[in-house]
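Summary of structural features
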Amino acid sequence: GGAICDTTKTAKYGVVIIKGSAKIEDCKAANGGGICADSISVIAVKMTGGTIKNCSAEYGGAVRCPTGTINLSGAEISECTASTYGGTFYITGGTVNIQENSVINGTDAYITTAGTLNIDNSNYTYTGSDYALQVAGTGSTSTGLINVTNGSSVKATAGSGTSAKWGTINVT
């Protein structure tokens with residue numbers, strides 16, 4: 001991760017906490033321009049408030065989550081890009097929870113393999129040219145999942161909205 005990278009492969013309960021008006025801006029990395037959580041932690045990263053802005057990576061411009069869990073509560077993410085997949089999120093096996101009036105203004109969320117993206121009581125606005133939320137995979141065994149719940153909105157100002165090639169998208 002350009003700003004934060006949790007790769008605690010041996011600790012079971014390692015937690016990175018980001019609070020208040022913290023800013024992660026203008027960061028670059030190969031994986032997770034802002035945050036990369038690759039850990040076996042119960043919660044690898046917990047962000048309450050704050051912003052991730054103008055970050056870039058090959059995979060996951062704002063956030064890459066191959067394992068572990070990232071909780072974003074009342075956070076704002078904007079203007080992040082990826083050169084390959086997941087301008088905002090690239091989730092391959094972990095879980096990203098966007099909750100409590102978080103605002104995401106950016107490019108795509110790419111979920112594959114066993115990754116999960118939960119959007120609860122928050123807003124996701126997509127400004128790219130492909131899919132806003134995409135569950136993809138390497139075959140029919142992919143269990144990627146997106147849940148959009150509790151009055152959340154997903155707005156695609158360009159592109160095609162959502163796609164589930166291998167996996168599931170639930171909107172309730």
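Everything here concerns the structure above.
In what follows, the accompanying structure is described.

The rules behind each value
- Think of each chain on its own: its residues are numbered from 1, step by step along the sequence as written.
- Only residues with pLDDT of 70 or above have their local features reported here, since the model is predicted, and side-chain atom pairs are shown and tallied only from 80 upward, although totals for entire chains, interfaces and linings are computed over all residues.
- Note that the side-chain values use all heavy atoms of the structure and ignore hydrogens as well as water.
- Think of a nonpolar core as a cluster: buried Ala, Val, Leu, Ile, Met, Phe, Trp, Tyr and Cys residues, connected wherever their side-chain atoms sit within 4.5 Å.
- Burial here depends on accessible area, computed with a 1.4 Å probe over protein chains only, as a share of the maximum for the residue type. Under 20% is buried, over 50% is exposed, and the range in between is partly exposed.
- Contacts are assigned to residue pairs that have any heavy atoms within 4.5 Å of one another.
- Helix and strand assignments come from DSSP, with helices taken as H or I runs of at least 4 residues and strands as E runs of at least 2, each series counted from the N terminus.
- In short, DSSP must find at least two bridges between two strands for them to pair.
- To obtain an axis, a line is fitted to C-alpha atoms, over the contacting stretch when the element is a helix, and the angle between two such axes runs from 0 to 180 degrees between their N-to-C directions.

What about the nonpolar core?
Counting residues in each nonpolar core, the largest one holds 35 residues, and the members touching the most others are I52, F89, V96 and L117. Sequence-distant contacts of L117, defined by excluding residues within four places in its chain, comprise I91, V96, I98, A109, I111, L133, L145, I146 and N147.

Here we look at unusual backbone geometry
One non-glycine residue with positive phi stands out, namely N101, at about 65°. By the element assignment, N101 lies in the loop between β14 (95-99) and β15 (103-106).

As for the sheet that holds strand β3 (residues 23-25)
Pairing between sheet strands relies on hydrogen bonds along the backbone, with the strands arranged either parallel or antiparallel. In space, the six strands of this open sheet follow the order β3-β7-β11-β15-β18-β21, with parallel pairing throughout. Lying at the two open borders of the sheet, with one neighbouring strand each, are β3 and β21 (153-156). Adjacent strand axes in the sheet meet at a mean angle of 5° when their direction is disregarded. Pairing geometry for β15 and strand β18 (residues 123-126), over four bridges, is parallel.

Concerning the sheet that holds β14
If you trace the seven strands from one edge of the open sheet to the other, you get β2-β6-β10-β14-β17-β20-β23, paired in parallel fashion. Edge positions in the sheet fall to β2 (16-19) and β23 (168-171), since each of these pairs with one other strand and no more. Averaged over all neighbouring strand pairs, the angle between strand axes comes to 5°, with direction disregarded. Where strand β10 (residues 69-73) meets β14, five bridges bridge the pair, whose relative direction is parallel. Following the sheet pairing, T69 is matched in β14 by T95.

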